[in-house]
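Breakdown of the fold
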Amino acid sequence: MRCNNRGRPRTLGALGVAITAASTALSGAALAQEGEIVFDAEFYVLQAQNGEAWAAEDVELEAKLAELEERFGRPPNLIHIMWDDTAYGDLGMPGIQMVRGLDTPNINALAEDGMMFTRMYTEVGCTPSRAAAATGRMAVRSGMYNIGMLQESHGLDAEEVTMAEVLGDAGYATAFYGKWHLGDIEESYPHNQGFDEALFTGYNQILSLNTREAEQGNASIGLFEDMLVEDPYKLDDTFITKDWIMVAEGTKDGETLQWGDNTTETYEAIDGEGLERMFAFMERAVEAEQPFYVANWPIMANFMPIRPKCTRARALLQNGLQCTVDPMIAGIRAKLEDLGISENTLIVAMADNGPMSHNPPPGTGFAETIFRGGKGDFLEGGVRVPAFAVWPGMIEPGSLPGDMIHITDLFTTFASLAGAMDNIPTDRVIDGLDQTALLLNGDTHGRRDYTFTYAGPTLGAVVKGDYKRHMISPDPVGEASGIPAAFYFLPSDPREVQPMLTNLIHLKRPFNRMVLRHNLWKERYPDRPEKHGIPWTGIANASEQLLREQNPQLVLGDLPFDPLEYIEHLDELPFDPNGDPSIGQ
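Residues numbered from 1 in each chain as written. Predicted model: local features only at pLDDT ≥ 70, side-chain atom pairs only at ≥ 80, totals over all residues. Heavy atoms only, no water.

Quick look at the sheet that holds strand β5 (residues 197–201) now. The sheet built from 10 strands is open, its strands ordered β7-β6-β5-β4-β8-β1-β9-β10-β2-β11 with mixed pairing. Of all strands in the sheet, those with a lone pairing partner are β7 (256–258) and β11 (404–406), marking the two edges. The sheet shows a mean angle of 20° between the axes of neighbouring strands, taken without regard to direction. Taken together, the three bridges between strand β2 (residues 115–121) and β11 define a ladder with parallel strand orientation. Paired with R119 across the two strands is M404, which belongs to β11. Of the strands in this sheet, β1 (77–83), β4 (173–179), β5, β6 (248–251) and β8 (292–297) touch helix α9 (residues 264–287), which is tilted by about 175° from β8. On the sheet, helix α12 (residues 409–417) packs against β1, β8, β9 (345–351) and β11 and is oriented at approximately 175° with respect to β9. (Pairing = 2+ DSSP bridges. Helix = DSSP H or I, 4+ residues; strand = E, 2+ residues; numbered from the N terminus. Axes fitted to C-alpha atoms, helices over the stretch in contact; angles between N-to-C directions. Contact = heavy atoms within 4.5 Å.)

Printed below as a string of structure tokens:
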């Protein structure tokens, strides 16, 4: 079953070689050693100083994991649960929950029975965070920093290598359920990106407003033209989208089908259907004595006010967390117990980014909690999220590490636990680091002390330990004159409202050096451009209206230009920060 040594990252290895790698990252003069995983330049600086201690620790970890595999006869199962837009502190902290008006005993039990991360970083929005989790790469590297909306004509490039592909090649059964949000072009569908089976949405919760009920209430305006008074001035019948796919399903090398229709009833059924399929998938894997990886990213909420209010907060976010995600986690843990595999299964559960605190729909309950900022911001409130891990017998109950971890680290950590490190590509930068030691040995055993947070394609902020620098500065005059004041000491200023100049100006050169290494390494391993195409091709049961959307000539006849030529030029449009609310504000 195992395709290689369980192994730690296949990096440059020896201390002196790692130092060389760090210096060549700065000069841009050489590639990483052939056949080795390429990490961000900053990692080699850490490895040069800590590599020997890490290698010794890895020997003990290897023995512990080998003992577990001997007991169960196969490597651990891996489950990743991820939901939307939740502020750090809103989960796992009963006192804050009392203030916020919700109660999630099953999510909180993950902290009691396992680990609650205090410094889990994500990307600034839904699509980039999901791309980072899937590929182990910051979204700017995969061209997935734009937030996909209806008929986006954009998606995850087939050349990216996903966690499902890495684990599938190591003998894992793989499945995806819920909010994929990584594109609407055919190559981006999850079952075309390595998953054995998938039930997925190409977009986000705005799908709940792309319904007739929403049109009736003006929550969506002009999408369903047959419900409207005829416009006597309309000349172009191709401007408004006529059909799309709300939910699709498919299997690797099999057909892709629309599941249900574009109605509220279909939308409301997604999470329940996904959970039922997940349980059946797990049962089949256990019966086949096959390890499995499941990503279940629930849609969680409906922007239409149609669900019963089940929390004191009376709000969309809290209702979704308490009445959708919380029972889902309880059900998954109970299923693992029933199947007798709880002790051989790692669950990681987390939010994908901070709250939609900028211009949220009314009555949603999104709010900053401990940190300032929210979805779209490179502030801590946008990218520092509630996150938990539970693994009975392997993770110490009640663990509360202060170590930094990034969403990309799940990619490399899962690959390490699965013995699949040799399946990680070596022709591109992998941002994810192996955090097995943090999971199994707890506080102070993390292997990351830095993050780079991008606002779209632009570097917004950099964190190193307890220090943070805003690269998009609140003091543009100071930055322009070479006297920046965009430095923050996070323990005493978690809301990033007191930039320091004299106290922290000594960090100007260290941060500059760090960013230059990062940028020079990117010259060697360039970011992938966005991938565009015609939305929702390859749907076996596609409607006539959808096919007409994909072939405008059916409506327009011959034109003196190709009506789809624009798709090849979508990347020429300037990045719109409003695609994710209030970036940098």
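Right, picking up where we left off after that structure.
This part is about the environment of V140. In this structure, V140 sits in helix α6 (residues 139–142). Its relative accessible area of 4% is what places V140 among the buried residues. Each C-alpha atom of the pair V140 and T256 lies 28 Å from the other, and the pair is 116 residues apart in sequence. Beyond its immediate stretch of four places on either side in the chain, V140 contacts Y145, Y454, G456, P457, K522, D527 and R528. (Buried < 20%, exposed > 50% of the residue type's maximum accessible area, 1.4 Å probe, protein only.)

Inspection of every chain in the model, using the stated rule, returns 36 salt bridges. Note that D40 and R141 form a salt bridge whose closest N and O atoms lie 2.9 Å from each other. Linking D40 in the loop between α1 (15–27) and α2 (41–72) with R141 in helix α6, this pair joins segments that are 101 residues apart in sequence. Take D40 and R141: they sit in the same class, and that class is buried. A salt bridge links E273 to R277; the shortest N-O distance between them is 2.9 Å. One end of the pair, E273, and the other, R277, are both in helix α9, four residues apart, so they sit about a helical turn from each other. Here E273 falls in the partly exposed class, since its relative accessible area comes to 23%. If you follow the salt bridges from partner to partner, you end up with E42, D449, K464 and R517 in one network. (Salt bridge = Lys/Arg side-chain N within 4 Å of Asp/Glu carboxyl O.)

Right, let's get into the side chain of D184. Tracing the chain through its elements places D184 in the loop between β4 and β5. One buried charged residue, D184, remains without a salt bridge, the closest side chain of opposite sign being K531 at 12 Å. Of the polar contacts made by the side chain of D184, one reaches the backbone nitrogen of E152; its length is 2.6 Å. Looking at D184, its side chain comes within polar contact range of the side chain of Y203, at 2.6 Å. Apart from residues lying up to four places away in sequence, D184 is in contact with M149, Q151, E152, S153, H154, Y189, Y203, I534, P535 and W536. (Lys, Arg positive; Asp, Glu negative; His and termini not counted. Polar contact = N/O pair within 3.5 Å; in protein donor to acceptor, adjacent residues only side chain to side chain.)

Attention shifts here to the side chain of D403. Structurally, D403 is set in the loop between β10 (384–390) and β11. For D403, the side chain forms a polar contact with the main-chain nitrogen of T444, separated by 2.8 Å. From its side chain, D403 meets the backbone nitrogen of H445 in a polar contact 3.3 Å long. Other than its neighbours up to four places away in sequence, D403 contacts R119, L438, G442, D443, T444, H445 and G446.

Read these as geometric descriptors, not functional statements.
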